[in-house]
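Per-entry structural report
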Amino acid sequence: MSTEEAYVKKHIENNVATIEFFHPAHNSLPGKILAQLTDTITEVGQNDEILVIILKSGGNRTFCAGASFTELISINDEQTGEKFFMGFANVINAMRKCPKFIIGRVQGKTVGGGVGLASAMDYCMATKFAAIKLSELNIGIGPFVVGPAVERKLGVSGMSQIAIDANSFYSPEWAQQKGLYAQVYDTTEELDEAIEAFAQNLCNYNPEAVKEMKQMFWRGTEDWDELLNERAKISGRLVLSEFTKKKLEKYQ
C-alpha cells in the first residue's frame, strides 16, 4: 500500500486492537475515512477477543487536521453538508457506545474534528508536540458536532476558550491540565512504549467491569444520537453561507 493513499486499518495482537487512520493531507478526514473509522470501531467493539482498543493516526507529525477541505469546498446543498458532518458524529457515537476502553495516541498537532476525536477517547496520551486548535470559527462554522465531546472533556470554560480563540494552538500542557491528555511524553517512542504497557495492563481487568464503567463514564450522553444530528444540520447549513464559501475559496 502506498504511504500516500488514505486508509483505515486494524491490527489485533494480545487482545489489543490498534486502529490506524491516515490521509496524505495531514490526516484530514474525508467522509469515506470517517465511515470506515465508524465501522471499524463498531466491529472491534463487538469482538469478544478484543479487550482494549488503541486509536492512532499514521505519520509522525499531525495527529489529525480535522475536516477535509476538499470535501467542504465541494458541498453545495444542506443535505450533503449534513451528511458530511454526520461522519464525525458517527465516529464519536461509535466511540461512545463501544464497550471497550479506547486509548488515544496523539503524536502531533490536532485541529478541529481531530480535537473531537481526542476528546471522545476514554484515556488519551500524547507527545509534547500535540498542540490543539479548534479552528472552525475561522471558516465561518463552529465546532458544533465535536462540541459535546470537547465540552465533556474540557468543561464549558475550556471548550469555549479554544472555540472562540480559533486562531491559536493551545499547548499539550494546557490540554493535560484541562483533562484532555492523561500523560504527555517527550518523544513518540516513549509514547508508544507507555501506550503498549498501559494497554496490556488494561487487558487484566474484567471485561464486564470495563463495560459497566464505560457506561458510567458516559452517563448523560444518551441523547447524543439526536443531539449530534441536530448539530450536523447547523454545520451543514453554515458551510453553505456566503461567508464560509468566501473563506473556503482560499483553500482551493
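One can find the structure itself at the top, above this paragraph.
For the structure given in this document, a descriptive report is provided here. (Residues numbered from 1 in each chain as written. Predicted model: local features only at pLDDT ≥ 70, side-chain atom pairs only at ≥ 80, totals over all residues. Heavy atoms only, no water.)

When their charged atoms lie close together, side chains carrying opposite charge are able to pair. For the structure on display, the rule yields 6 salt bridges. Between Glu-20 and Lys-56 there is a salt bridge, with the nearest N and O atoms lying 3.7 Å from each other. Of this pair, Glu-20 sits in strand β2 (residues 16–22) while Lys-56 is found in strand β3 (residues 52–57), placing the two residues 36 residues apart along the sequence. Across this residue pair, the class does not change: Glu-20 and Lys-56 are buried. (Salt bridge = Lys/Arg side-chain N within 4 Å of Asp/Glu carboxyl O. Helix = DSSP H or I, 4+ residues; strand = E, 2+ residues; numbered from the N terminus. Buried < 20%, exposed > 50% of the residue type's maximum accessible area, 1.4 Å probe, protein only.)

So, on to the state of the cysteines. Evaluation of the coordinates by the stated rule reveals 0 disulfides. Its sulfur unpaired, Cys-98 is 13 Å from the next cysteine sulfur, which belongs to Cys-203. Taking relative accessible area as the criterion, Cys-98 reaches 4% and is therefore assigned buried. By relative accessible area, Cys-203 is classed as buried at 13%. (Disulfide = S-S within 2.5 Å.)

We now examine unusual backbone geometry. Although it is not a glycine, Asn-15 adopts a positive phi angle of roughly 70 degrees. With respect to the helices and strands, the residue Asn-15 is situated in the loop between β1 (7–13) and β2. Look at Asn-27: it is not a glycine, yet its phi comes out positive at around 55 degrees. Among the secondary structure elements, Asn-27 is positioned in the loop between β2 and α1 (31–45). On the basis of relative accessibility, which here comes to 2%, the residue Asn-27 falls in the buried class.

Across the sheet, 6 strands lie side by side as β1-β2-β3-β4-β6-β8; this open sheet has mixed pairing. Of all strands in the sheet, those with a lone pairing partner are β1 and β8 (183–185), marking the two edges. With strand direction ignored, the average angle separating the axes of adjacent strands in the sheet is 20 degrees. With respect to the sheet, helix α7 (residues 188–202) is in contact with β2, β3, β4 (101–106), β6 (123–127) and β8, its orientation differing from that of β4 by roughly 175 degrees. (Pairing = 2+ DSSP bridges. Axes fitted to C-alpha atoms, helices over the stretch in contact; angles between N-to-C directions. Contact = heavy atoms within 4.5 Å.)

Looking now at the nonpolar core. In terms of nonpolar packing, the biggest core is built from 63 residues, with Phe-21, Leu-29, Leu-72, Met-95, Ile-132 and Tyr-181 touching the most fellow members. Once residues lying within four places of it in the same chain are set aside, the contact partners of Tyr-181 are Val-106, Thr-110, Cys-124, Ala-126, Ala-130, Ile-132, Pro-172, Ala-175 and Gln-176. In terms of nonpolar packing, the next biggest core, distinct from the first, is built from 14 residues, Ile-54, Phe-101, Ile-103 and Leu-191 among them. (Core = buried A, V, L, I, M, F, W, Y, C linked by side-chain atoms within 4.5 Å.)

With that settled, the discussion passes to the pairing of β1. It is a general feature of regular strands that their side chains alternate between the two faces of the sheet. Two strands pair when backbone bridges link them, and β1 and β2 are joined in this way by 7 bridges, in the antiparallel orientation. Bridge pairing links Lys-10 to Ile-19 in β2. With antiparallel pairing between neighbouring strands as the criterion, β1 and β2 make up a hairpin whose turn holds 2 residues, including Asn-14 at a positive phi of roughly 50 degrees.

Where burial is concerned, most of β3 is hidden: 6 out of the 6 residues are buried. Residues Val-52, Ile-54 and Lys-56 point to one face of β3 and Ile-53, Leu-55 and Ser-57 to the other, with burial holding for every one of them. Summarising the sheet, β2 and β3 pair through 6 bridges and their orientation is parallel. The partner of Ala-17 across the bridge, within β3, is Ile-53. Note on the crossover from β2 through α1 to β3: the handedness is right-handed. (Right-handed = clockwise from strand over helix to strand, strands pointing away.)

On their own, these measurements won't tell you what the molecule is for.
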